[in-house]
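Here are the chains, one letter per residue:
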Amino acid sequence: MVAEPGAKRDIRKLQLTELKEFFVAHGDKAFRAQQVHEWLWKKSAKDFDAMTNLSLATRQLLQEHFTINHIQVDTMQQSADGTIKNAVKLHDGLVVESVLIPTEKRITACVSSQVGCSLGCKFCATARLKRMRNLNPDEIYDQVAAIRQQSELFFGRPLTNIVFMGMGEPLLNYNNVIAAIDKITSPHGLNMAAKRLTVSTVGIAKMIIKMADDGVKFNLAVSLHAALNPTRSSIMPINDTNTLEDLAEALKYWYAKRKRKVTYEYVVWEGINDKPSDAEALLKFCKHVPCKVNLIEYNPIEDGEFRQAGDAALQMYQHLLESNGITTRIRKSRGKDIDAACGQLANKT
Ligand code: SAH
């Protein structure tokens, strides 16, 4: 990594080995790197002065060469149902959102992977924001670390689950998402179990195959919303080049390696996918791999033309799927009053 003259490097872009090389090159001991690494990740230090077991000279040396691009929770809003939405400011001034969702049994962090999104799903508020850039691993990690602290502070309970269901498409920022997850699950980071993590995707087939090949240990959720190509293409442009057949093949490959049920996220909209034939198509799709279905509530977005279908349609879906052995849950949204629910993240704060 070559720095521009005078430019400070983001210290969390360095691997531990590189940090060791830095200290040795500056006449210090390699183990110093371990101490710094622990401050940077496990202890989420926001500046070098916080690293109190380092000498002043060492802290100054670090200060001269590096920056810590820590996120800043700019505003925090709490919903009547306890859900907390954070507006997270990045070092370059861009903003993403992250959400803490408390339930009786769990505390879930919902984190963003990109600033904005490029996929253009017609029903999603985030799609209205241009994709500005990918988040770095440390920016994803920091969102989780901040929510972990909020969880202890406001609820006196540990964070139990993490979902990549905030802004952006995690599989279009694959390397950084994987690097963040490595740190989140590492004993040198947050030490969370990979099986408590879920990555949600529109279903980019070739990336699902890559994930399977990489042997990842987290769970997979697919935002399906329709199981007929013309319908899905009309609401999710990705389906034009990444058809349901491509997706099914990728999911079979994934399941053969991962052997954990895939979750399908599915909204039922009036006049779009509320007919028995739509539910039949979903049932057929569900036969590709063991799965469960979350029928999620639609959160209306500004100027959106979509309307959530009535209870009868939801029950029609649930009945058909359940009677064919597919676990189907009707999920109520959380944090709607503060625009923190699925598809509402649009930096409105
Ligand atoms: N790009 C990834 C991660 C975002 S997850 C993905 O699509 O899976 C956000 C979830 O909320 C997705 O399941 C998305 O389809 C859903 N969603 C988007 N807009 C919504 C809305 N207005 N109401 C309810 N769910 C919505």
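A. The environment of I296, seen in detail. Here I296 lies in strand 13 (residues 291–296). Each C-alpha atom, one on I296 and one on P102, is 17 Å from the other, the two residues being 194 residues apart in sequence. Ignoring anything within four residues of it in the chain, the contact list for I296 reads H225, E265, Y266, V267, Q308, R331 and C342.

B. Looking closely at the site of the ligand. Close contacts around the ligand come from 21 residues, with E169, S200, S223, H225 and N299 the closest. A distance of 3.0 Å separates a nitrogen atom of the ligand from a polar backbone atom of G168. A distance of 3.0 Å separates a nitrogen atom of the ligand from a polar side-chain atom of E169. Out of a free accessible area of 530 Å², the ligand has 96% covered by protein chains.

C. Representation of the sheet that holds strand 11 (residues 219–223) within the structure. The strand order across the open sheet built from 10 strands is 3-4-5-6-9-10-11-12-13-14, with neighbouring strands paired in mixed fashion. Every other strand in the sheet has two partners, leaving strand 3 (72–78) and strand 14 (328–331) as the edge strands with one partner each. Each neighbouring strand pair of the sheet contributes to a mean axis angle of 20°, computed without reference to strand direction. Pairing between strand 10 (residues 197–201) and strand 11: 4 bridges, direction parallel. Bridging across to strand 11, T201 finds its partner in V222. Contacting strand 9 (161–164) and strand 10, helix 5 (residues 174–185) runs over the sheet at an angle of about 165° to strand 10. Its contacts with the sheet place helix 9 (residues 276–286) against strand 12 (262–266) and strand 13, and it is angled at close to 165° to strand 12.

D. Structural context of the pattern of salt bridges. This structure, assessed with the given rule, holds 14 salt bridges. Here E38 ties to K43 by a salt bridge, and the two come within 3.8 Å at their closest N and O atoms. The class for E38 is partly exposed, based on a relative accessible area of 38%. Among the ionic pairs, D81 bridges to R334, the shortest N-O distance being 3.4 Å. Here D81 is found in the loop between strand 3 and strand 4 (84–89), whereas its partner R334 is found in the segment after strand 14, with 253 residues between them in sequence. On the basis of relative accessibility, which here comes to 24%, the residue R334 falls in the partly exposed class. What emerges from the salt-bridge pattern is a single network uniting R12, D138 and D142.

So, how was this worked out
Residues numbered from 1 in each chain as written. Predicted model: local features only at pLDDT ≥ 70, side-chain atom pairs only at ≥ 80, totals over all residues. Heavy atoms only, no water. Helix = DSSP H or I, 4+ residues; strand = E, 2+ residues; numbered from the N terminus. Contact = heavy atoms within 4.5 Å. Near = heavy atom within 4 Å. Polar contact = N/O pair within 3.5 Å; in protein donor to acceptor, adjacent residues only side chain to side chain. Areas by Shrake-Rupley, 256 points an atom, 1.4 Å probe, with all protein chains shown as cover. Pairing = 2+ DSSP bridges. Axes fitted to C-alpha atoms, helices over the stretch in contact; angles between N-to-C directions. Salt bridge = Lys/Arg side-chain N within 4 Å of Asp/Glu carboxyl O. Buried < 20%, exposed > 50% of the residue type's maximum accessible area, 1.4 Å probe, protein only.

All we've got here are geometric facts, nothing functional implied.
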